[in-house]
Amino acid sequence: MTDMTANGFSITSAEARERASKALDDRRLRKRYAAERRFRWYGIAAIVFGLFFLAWLFTTLIIQGIGAFQQTQLRVQVELDAGELGFSGTPDHDALMKGEYQSVLRAGLRKMLGVGSDRAQRREAYALLSNGADLELRDRVLSDPGLIGKTIDVWVTASADVDTMLKGGISRKVDEDKRRINNRQLAWLDKLKADGRVVRSFNTNLFTKGASSEPELAGMGVAIVGSLYMMLVVLLVALPVGVAAAVYLEEFAPKNRWTDVIEVNINNLAAVPSIVFGLLGLAIFLNAFGMPRSAPVVGGLVLALMTLPVVIIATRAAIKAVPPSIREAALGIGASSMQVITHHVLPLAMPGILTGTIIGMARALGETAPLLLIGMVAFVVSLPSTPFDPATALPVQIYMWAGASERAFVERTSAAILILLAFLILMNAAAVILRRKFERRW
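Rules of the game
- Here the residue numbering is sequential within each chain, running from 1 through the sequence in written order.
- For a predicted model such as this one, the threshold for reporting local features is a pLDDT of at least 70, and the threshold for listing and counting side-chain atom pairs is 80 or more; totals across whole chains, interfaces and linings nevertheless cover every residue.
- With hydrogens and water excluded, all non-hydrogen atoms of the structure serve as input to the side-chain values.
- Any carboxyl oxygen of Asp or Glu within 4 Å of a side-chain nitrogen of Lys or Arg constitutes a salt bridge here.
- Buried residues are those whose accessible area, probed at 1.4 Å on protein chains only, stays under 20% of the maximum for their type, while exposed residues exceed 50% and partly exposed ones sit between those limits.
- pLDDT expresses how confident the predictor is about each individual residue, on a scale running from 0 to 100.
- Contacts between residues were defined by any pair of non-hydrogen atoms, one from each residue, lying within 4.5 Å.
- At least two bridges found by DSSP between two strands is the condition for calling them paired.
- In DSSP terms, a helix is any run of H or I states spanning at least four residues, a strand is any run of E spanning at least two, and both are numbered starting from the N terminus.
- All axes here are fitted lines through C-alpha atoms, helices being fitted over the stretch that makes contact, and every angle between N-to-C directions spans 0 to 180 degrees.
- Roughly parallel refers to an angle under 35 degrees, roughly antiparallel to one over 145, roughly perpendicular to one between 65 and 115, and oblique to any angle outside these ranges.
- The nonpolar class holds Ala, Val, Leu, Ile, Met, Phe, Trp, Tyr, Cys and Pro. Asp, Glu, Lys and Arg form the charged class, and all remaining residues, Gly among them, are polar.
- In this analysis a 1.4 Å probe is tested at points of a 1 Å grid over the protein atoms alone, and where it fits but cannot get out there is a cavity; an open set with protein on both sides within 12 Å along at least five of seven lines is a pocket; lining residues have an atom within 4 Å of a point.
- Grid points are joined across faces, edges and corners, and a volume is the space filled by probe spheres set on the points.
- We call Phe, Tyr and Trp rings a pair once their centres come within 6.5 Å, taking the six-membered ring for Trp, and we label the pair stacked below 30 degrees between planes, edge-to-face above 60, and tilted otherwise.
- Placement of a positive charge over a ring is assigned whenever Lys NZ or Arg CZ falls within 6 Å of the ring centre and within 35 degrees of the normal to the ring plane.

Chemist: Sorry, what's going on with the pattern of salt bridges here?
Modeler: Opposite charge on two side chains allows them to pair when their charged atoms are near. For the coordinates displayed, the defined rule picks out 15 salt bridges. One salt bridge in this structure joins Lys191 and Asp195, with 3.4 Å as the shortest N-O distance. Residue Lys191 is classed as partly exposed on the basis of its relative accessible area of 37%. Look at Asp195 and you get partly exposed, because its relative accessible area is 42%. Sharing partners across several salt bridges, the network here consists of Asp163, Lys167, Glu411 and Arg412.

Structure follows, in structure tokens:
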């Protein structure tokens, strides 16, 4: 049976159906390709969307925190008269520690600014200096007692309000009654800047000092050292225990109901909220064992318990990745089961083990909740010399600074976040580098 076309040619019904089917297939194919293109663009849009907010986050942190890496200092001319300092004769170390450095420093500042006996003006002049400026002068004299009796220029830290003003955090256009610095103080600062007595230098206090209620004196030194001690404890506890547990479960444990229960609980522990581990540490290490509060060793043990499931899971995965032929070859030449594990399997699985350990430690480094429960929010000024001394940690320091009322703590909070992120990026980069360098593909 044939049909006539418009051109006078005739085609069969089978040919017509074939052409219609082919056209339908072409439409379906075009729709499929269009759907694939849309899906690809959705993925690209999602990546761009995520990168945009990541860039926004880092840009905001850098803009807010970059100022914390610099600190304003004032150069004050002081007369280190022994009588004014309260010394009689040749002072020893104890006498030097107790000298009247504040009065000498304030006298030099008053002389420079031309401040008389008016108490209000004196208070305004003293507010230009940090409350710890006299301690900086004391340290200068302690390092060189020969300065006593001389007139010297000494660089001391400016107050947080002065620092914020010179960094643009306080506008001069704001009404005087709404500013932390009045017009007279601004005039003094302009005079000091014109005389070359105001400078911004690298803020070493940020990395060497501990807690302080004054933003210009507050630092992360205690938090950094405390975090390093905690990571050392985590490494010494979680790595050997986790590897030993993984080797036993993977190589020696019988496959029965009890080992299945253990494996399920290990996988569940990896997803338990970190605050639960803090409650566990509070109940066991502090209340039961009586260990010191706010000590890095306790924080390290709590974080080690939290990291242990991650290490076990990563180690088991790395051991499974070693080909059975390695074990069979070692057993075939007379090696014992322990020799097979220690001489062949573990060395070949070590890249995966180290990668899992470092990633687990990086996760533990950013935890705050368990550390709050074991008291690592103490106001610690001195750097800890051992893991048993009081300390705090970087995420806890960020938490405490974020709740501070002083405006200058905002930039220090952002700077602390940047430093914590730098540590996390370095640890994750180390995990990637170790895996790529030592990994073997079978």
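Picking up where we left off.
Chemist: Whenever I open this one, the confidence of the model for the protein chain confuses me. Can you help?
Modeler: It should be kept in mind that the predicted coordinates are not to be read in detail where pLDDT is low. When pLDDT is averaged across the protein chain, the result is 88; 97% of the residues are at 70 or more. Note on residues 1-9: pLDDT is under 50 here. Beyond four places in sequence and across chains, it has 11 contacts.

Chemist: Just to check I follow, could you spell out the pairing of strand 3 (residues 70-79) for this structure?
Modeler: In summary, the side chains of a regular strand alternate between the two faces of the sheet. Examined bridge by bridge, strand 3 and strand 5 (residues 198-202) share five bridges and lie antiparallel to one another. Bridge pairing in strand 5 links Leu74 to Val198. Bridge count for strand 3 against strand 4 (residues 151-157) is seven bridges, and the pairing is antiparallel. What sits directly across from Glu79, in strand 4, is Thr151.

Chemist: Is there a simple way to think about the sheet that holds strand 4 in this case?
Modeler: What the three strands build is an open sheet, ordered 4-3-5; its pairing is antiparallel. The open sheet is flanked by strand 4 and strand 5, the only strands paired with a single partner. Pairwise comparison of adjacent strand axes, ignoring direction, gives a mean angle of 40 degrees for this sheet. Against the sheet, helix 4 (residues 101-113) contacts strand 3 and strand 4, and its axis sits at roughly 90 degrees relative to strand 3. Docked against the sheet, helix 6 (residues 133-143) engages strand 3 and strand 4, running at close to 130 degrees with respect to strand 4.

Chemist: Teacher, can you tell me more about the packing of helix 15 (residues 337-365) against helix 18 (residues 409-438) here?
Modeler: Working note: a packed helix pair is described by the angle between its axes plus the distance between those axes. In the contact formed by helix 15 and helix 18, the axes pass within 8 Å of each other and the chain directions differ by 170 degrees. Here helix 18 runs roughly antiparallel to helix 15, going by the angle between their axes. Counted together, Pro351, Gly352, Leu354, Thr355, Ile358, Ile359, Met361, Ala362 and Leu365 of helix 15 and Leu420, Phe423, Leu424, Met427, Asn428, Ala430, Ala431, Leu434, Arg435 and Phe438 of helix 18 form the full contact between these two elements. Residues belonging to the contact of helix 15 with helix 18 are distributed by class as follows: 15 nonpolar, three polar and one charged.

Chemist: Looking at this model, I keep getting lost on the layout of surface pockets. Mind explaining?
Modeler: Rolled over the atoms, a probe sized like a water molecule indicates the empty space that remains. What the largest pocket holds in volume is close to 450 Å³. In terms of lining residues, the largest pocket is bounded by 23 residues, among which Gly132, Glu136, Asn205, Lys209 and Leu217 are the most central. When residues of the lining of the largest pocket are traced back to their parent elements, those giving at least two are strand 3, helix 6, strand 4, strand 5 and helix 9 (205-208). With four residues, helix 6 is the largest single contributor of residues to the lining of the largest pocket. By residue class, the composition of the lining of the largest pocket is seven nonpolar, 12 polar and four charged.

Chemist: Explanation requested: the packing of aromatic side chains in the structure shown.
Modeler: For any pair of aromatic rings, the description rests on two quantities: the centre-to-centre distance and the angle between the ring planes. Applying the stated criterion across every chain yields a total of eight aromatic pairs. Ring centres of Phe52 and Phe53 lie 5.3 Å apart, and the angle between their planes is 75 degrees; this geometry places the pair in the edge-to-face category. Three or more aromatic residues joined by ring pairs form one cluster here, namely Phe49, Phe52, Phe53 and Trp56. Of note, Arg106 hangs over the ring of Tyr126, and the distance from its end group to the ring centre comes to 4.3 Å.

Chemist: Sorry, what's going on with unusual backbone geometry here?
Modeler: Note: most peptide bonds trans; most residues except glycine with negative phi. Its identity is not glycine, yet Ser294 carries a phi of approximately 60 degrees, on the positive side. Take Ser294: its relative accessible area is 5%, and that puts it in the buried class.

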